[in-house]
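In case you want the letters, here they are:
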Amino acid sequence: MKKRNDVLLQGNEACALGALAAGMRFYAGYPITPSTEIAELLSIELPKVGGIFIQMEDEIASIAAIIGASLAGAKSMTATSGPGFSLMQENLGFAAMAEVPCVVVNVMRGGPSTGMPTRASQGDVMQSRWGTHGDHPAIVLSPGSVLECYTLTVHAFNLSEKYRTPVIVLMDGIMGHMSENIKIPEKLEIINRPKPTVPPIWYRPYDDIPGGEIVPLVPFGEGYRYHVTGLVHDALGFPTLVPDEVNACLKKIIYKIKNNLHDIIRIEKYLLDDADICIVAYGSVARSAREAVNMARQEGIKAGMLRPITLWPFPRFNLEDIGRKVKVFVVPEMNYGQVYGEVLKACHKKVVRVTRVDGELITPDEIMKKIKEVTI
Amino acid sequence: MMRTSETVYKYLRPNKKFPHVWCPGCGIGIVMGALVRAIDKKGLSKDDIVLVSGIGCSGRMSTYLDFNTLHTTHGRALAFAAGIKLARPELTVIVVMGDGDATAIGGNHLIHACRRNIDITALIINNNIYGMTGGQYSPTTPMDKKASTAQYGNIEKPFDICKLVEACGASFVARGTTYRANMLDPLIEKAISRRGFSVVEAMAQCPVQYGRRNIQGGPVDMLQWYRDHAVPVAAFKEIPPGEAGERFPIGVMVDLDEPGYIDRYKEIIKKAGGEV
């Protein structure tokens, strides 16, 4: 019999399996719709591989626990939705400041507040960038298919380990709950935490190395005793208020991302080469947008799509390039225009939006209608 | 017993610029001394100890001691520590918190750490006030006492931390004071030795933010107050109901030595067919 390695999976399940494939061995979470399937599946699978699953008392404790586990050397993850994501913001900033790798999955539901637990939304785009206080780095990935829920979760762990920073996988409720038949990739690049190259006495966990090399984070208990804090710190990790050291600390966490945009940013271009109209869409909405592009092409309208797979850092330079060629941008999204504003900033062209916040998916027809409006 | 100067050089961080942030007369340093002596007596390697702290005056202890140290967000120290302990059970994880840190903002994490009986030692330094932010009342400020946010006297009933953690399932509970510093050493040592979740409440004077406002005199007067009001557990039980006044028990309140969370989780891994 022919061996089949394709399986019917839900987005949430694919995310959980991707995390296991990436080597995640510690999950802490708190139940919340529509992300709970991730926790349920991992509670079964993690003990099988000797990993830890724990249901914490709230989302604050969940993210705290995964940061602790990561400091002890485990690849770690938590998953939640809007209200829980709000609770995680303080410690998300801690992970960014203390440069501790971890992955946070946010399966977006309708907001604000308790909102619509069982309905999808894309309302947390800005929160995923600016939710925690102070200037901080952010890497946010947006899967557009069940397969991508798997592969981008792996990628999230890779980026997190490589850049010593928290990475957010921003799914929407539709992505989390839809099922697709996927072929699980047999070989994916897995980045593990590098080992230190210096003896303990020379180890400076927060050193700013010219050229941007990132100091490996040595797990607790391996003879490298150092201090980790959310306070602004010097190269050794100790609190400081010396302006030069403060500048160095904050600049470093921002520029390790800014100087590596070429490595971090992923986009998908669809029929953009000769396009007059560019649709910018992400997550489940990009699926409707792709269909709308096909419909437009059938009617002879030159439409194309840019899908930011990396939502933050925002692919601003790619948009600038495209903006030189196309006449109009159409931005459909399940919020009142959070990415629309970013597109507006990136290019001096006409930008229109198609928004929906009622929990229903934006249909290809709705996007098509807007395309026709702008072509006339 | 090791000479004090040797202990200082062995356990305090040589590369950290002292002086520390604690005020003259503060009790936290006395508790830190007891913790260091307890660890030294147990003969643990510095590499195998993780010291996690929260925010506030007590939270700064992690900066000064030469272990693997983590200074977390306010109230969340126990949740961070849970992650460390579960991911690397062979490490000894000690959490230092203040009264506000542990029982107000971190109250939820405290009760659940007790309930899970997670294998961590919690050292709660109780000075009955928020010291670092300027003397606001905490969940352990006694009734009628004054604070910068209770200028007419505190009208909230205080927590008894030992009773609280006992009720929530901690398997080792003890209380000491900075007046009897030598009694704190063995209490902390015992707490570290026990399986499951251990709590030591160390009563420590805050002369600047608490004593001064409540006319308790200077640090010496506050220590003398501990001397006069702290009663060993056995003797405290002899006091007729309602006659204890401001007196409180010290010593070991609970010592169950039960299997903790880690042991139970290992069973789960076996059930799932994984390798421990």
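Residues numbered from 1 in each chain as written. Chains lettered and ligands numbered in written order. Predicted model: local features only at pLDDT ≥ 70, side-chain atom pairs only at ≥ 80, totals over all residues. Heavy atoms only, no water.

1. Topic: the overall build of chain B
Part 1: Tallying secondary structure elements over chain B gives twelve helices and ten strands in all.
Part 2: Scaling as 2.2 N^0.38, a compact globule of 276 residues should have a C-alpha radius of gyration of about 19 Å, and chain B matches this with 18 Å.
Part 3: Dimensions of chain B along its principal axes, counting C-alpha atoms only, are 60 × 45 × 35 Å.
Part 4: Taking all 276 residues of chain B together, the buried fraction comes to 56%.
Part 5: Intrachain contacts of chain B at a sequence separation of at least 6 include 66% that bridge at least 24 residues.
Part 6: Total accessible area on chain B stands at roughly 11600 Å², and carbon and sulfur atoms take up 55% of it.
Part 7: Once the 33 positive and 27 negative side-chain charges of chain B are each reduced to a mean point, those two points are 3 Å apart. (Helix = DSSP H or I, 4+ residues; strand = E, 2+ residues; numbered from the N terminus. Rg over C-alpha atoms; globule rule 2.2 N^0.38 Å. Buried < 20%, exposed > 50% of the residue type's maximum accessible area, 1.4 Å probe, protein only. Contact = heavy atoms within 4.5 Å. Areas by Shrake-Rupley, 256 points an atom, 1.4 Å probe, with all protein chains shown as cover. Lys, Arg positive; Asp, Glu negative; His and termini not counted. Charge placed at Lys NZ, Arg CZ, Asp CG, Glu CD.)

2. What to know about the UniProt feature "domain: Thiamine pyrophosphate enzyme TPP-binding" (unreviewed entry) in chain B
Part 1: UniProt marks residues 55-201 of chain B with the feature "domain: Thiamine pyrophosphate enzyme TPP-binding" (unreviewed entry), using the numbering shown here.
Part 2: Helix makes up 36% of residues 55-201 of chain B and strand makes up 21%, while its end C-alpha atoms are separated by 17 Å. (UniProt positions renumbered as here; feature names shortened; annotations may be inferred.)

3. Here's the deal with the interface of chain A and chain B
Part 1: The interface is formed by 42 residues belonging to chain A together with 41 residues belonging to chain B.
Part 2: Together, the buried faces of chain A and chain B total about 3400 Å²; carbon and sulfur atoms form 59% of this surface.
Part 3: If you sort the residues of chain A by the area they bury against chain B, Glu57(A), Phe220(A) and Arg225(A) come out on top, with a joint share of 21%.
Part 4: Summed over the shared surface of chain A and chain B, the result is four salt bridges.
Part 5: In this structure, Arg225(A) engages Asp66(B) in a salt bridge whose closest nitrogen and oxygen atoms are separated by 2.9 Å.
Part 6: Counting across the interface, chain A meets chain B through 19 residue pairs in polar contact (both at pLDDT 80 or more).
Part 7: Of all the secondary-structure elements, those providing two or more residues to the side of chain A that touches chain B are α2 (36-48), β3 (52-55), α3 (59-71), α4 (82-98) and β10 (227-229) of chain A.
Part 8: When residues in the side of chain A that touches chain B are grouped by element, the largest group, eight residues, is from α3(A).
Part 9: Tallied by class, the residues present in the side of chain A that touches chain B amount to 25 nonpolar, ten polar and seven charged.
Part 10: Relative to strand β2 (residues 68-71) of chain B, β10(A) runs parallel, the two sharing three bridges. The partner of Thr229(A) across the bridge, within β2(B), is His71(B). (Buried area = accessible area lost by both parts, 1.4 Å probe. Salt bridge = Lys/Arg side-chain N within 4 Å of Asp/Glu carboxyl O. Polar contact = N/O pair within 3.5 Å; in protein donor to acceptor, adjacent residues only side chain to side chain. Nonpolar A, V, L, I, M, F, W, Y, C, P; charged D, E, K, R; others polar. Pairing = 2+ DSSP bridges.)

4. As for the sheet that holds strand β15 (residues 328-333) of chain A
Residue and element names in this part refer to chain A.
Part 1: The strand order across the open sheet built from five strands is β11-β13-β12-β15-β16, with neighbouring strands paired in mixed fashion. This sheet does not close on itself; its edge strands, each paired only once, are β11 (267-270) and β16 (350-355). Averaged over all adjacent pairs, the angle separating strand axes in this sheet is 20°, with direction ignored.
Part 2: Inspection of the sheet shows β11 paired to strand β13 (residues 303-308) by four bridges, in the antiparallel sense. Across the sheet, residue Glu-268 finds its bridge partner in β13, namely Arg-307.
Part 3: Sitting on the sheet, helix α11 (residues 316-325) touches β11, β12 (277-280), β13 and β15, and the angle it makes with β15 is about 135°. (Axes fitted to C-alpha atoms, helices over the stretch in contact; angles between N-to-C directions.)

5. Quick look at the packing of helix α1 (residues 4-11) of chain B against helix α2 (residues 28-42) of chain B
Residue and element names in this part refer to chain B.
Part 1: Running from N to C, α1 and α2 cross one another at 85°; their axes reach a closest spacing of 11 Å. It follows that α1 is roughly perpendicular to α2 by the angle criterion. Where α1 abuts α2, its residues Thr-7, Lys-10 and Tyr-11 lie against Val-36, Ile-39 and Asp-40.
Part 2: In the contact of α1 with α2, the residues fall into three nonpolar, one polar and two charged. (Parallel < 35°, antiparallel > 145°, perpendicular 65-115°, else oblique.)

6. Digging into the UniProt feature "transmembrane region" (unreviewed entry) in chain B
Part 1: Taking the UniProt record as the reference, the feature "transmembrane region" (unreviewed entry) is found at residues 21-39 of chain B.
Part 2: Here residues 21-39 of chain B runs as 63% helix and 0% strand, with 23 Å between its end C-alpha atoms.

7. A few points about the pairing of strand β4 (residues 75-80) of chain A
Residues and elements named next belong to chain A.
Part 1: Within β4, six of the six residues are buried, leaving the element largely enclosed by the surrounding structure.
Part 2: Burial of β4 is two-sided: the residues Lys-75, Met-77 and Ala-79 facing one way and the residues Ser-76, Thr-78 and Thr-80 facing the other way are all buried.
Part 3: Note that strand β2 (residues 24-29) and β4 share three bridges and pair parallel. Paired with Tyr-27 across the two strands is Met-77, which belongs to β4.
Part 4: Taking the sense of rotation as the criterion, the β-α-β connection linking β4, α4 and strand β5 (residues 102-110) turns out right-handed. (Right-handed = clockwise from strand over helix to strand, strands pointing away.)

8. What about the domain arrangement of chain A?
Residue and element names in this part refer to chain A.
Part 1: Its domain assignment divides chain A into domain 1 (6-183) and domain 2 (268-375).
Part 2: For domain 1 and domain 2, the distance between their C-alpha centroids amounts to 26 Å.
Part 3: With 27 residues of domain 1 at the contact, the number on the domain 2 side is 23 residues.
Part 4: Together domain 1 and domain 2 conceal approximately 1900 Å² of surface at their shared face, both sides included; 55% is due to carbon and sulfur atoms. (Domains from an automatic or database assignment.)

9. Structural notes on the packing of aromatic side chains
All names here are of chain A.
Part 1: Under the criterion given, the structure shown has 13 aromatic pairs over all chains.
Part 2: Each ring, one from Tyr-27 and one from Phe-53, has its centre 5.7 Å from the other, and the planes form 5°; the classification is stacked. In this pair, Tyr-27 is assigned in strand β2 and Phe-53 in strand β3, connecting sequence segments 26 residues apart. For the pair Tyr-27 and Phe-53, one class covers both residues: buried.
Part 3: Put simply, the rings of Tyr-203, Phe-220, Tyr-224 and Tyr-226 pair up and form one aromatic cluster. (Phe/Tyr/Trp six-rings, centres within 6.5 Å; stacked < 30°, edge-to-face > 60°.)

10. A closer look at the side chain of Arg164(A)
Residue and element names in this part refer to chain A.
Part 1: With respect to the element layout, Arg-164 can be found in the loop between α6 (146-163) and β8 (166-172).
Part 2: Put simply, Arg-164 is tucked away with no salt bridge, and the nearest opposite charge, on Glu-99, sits 4.5 Å away.
Part 3: A distance of 2.8 Å separates the side chain of Arg-164 from the backbone oxygen of Pro-205, its partner in a polar contact.
Part 4: When residues no more than four places from it in sequence are discounted, the contact partners of Arg-164 are Ala-98, Glu-99, Val-100, Pro-101, Leu-159, Pro-205, Tyr-206, Ile-214, Val-215, Pro-216, Leu-217 and Lys-256.

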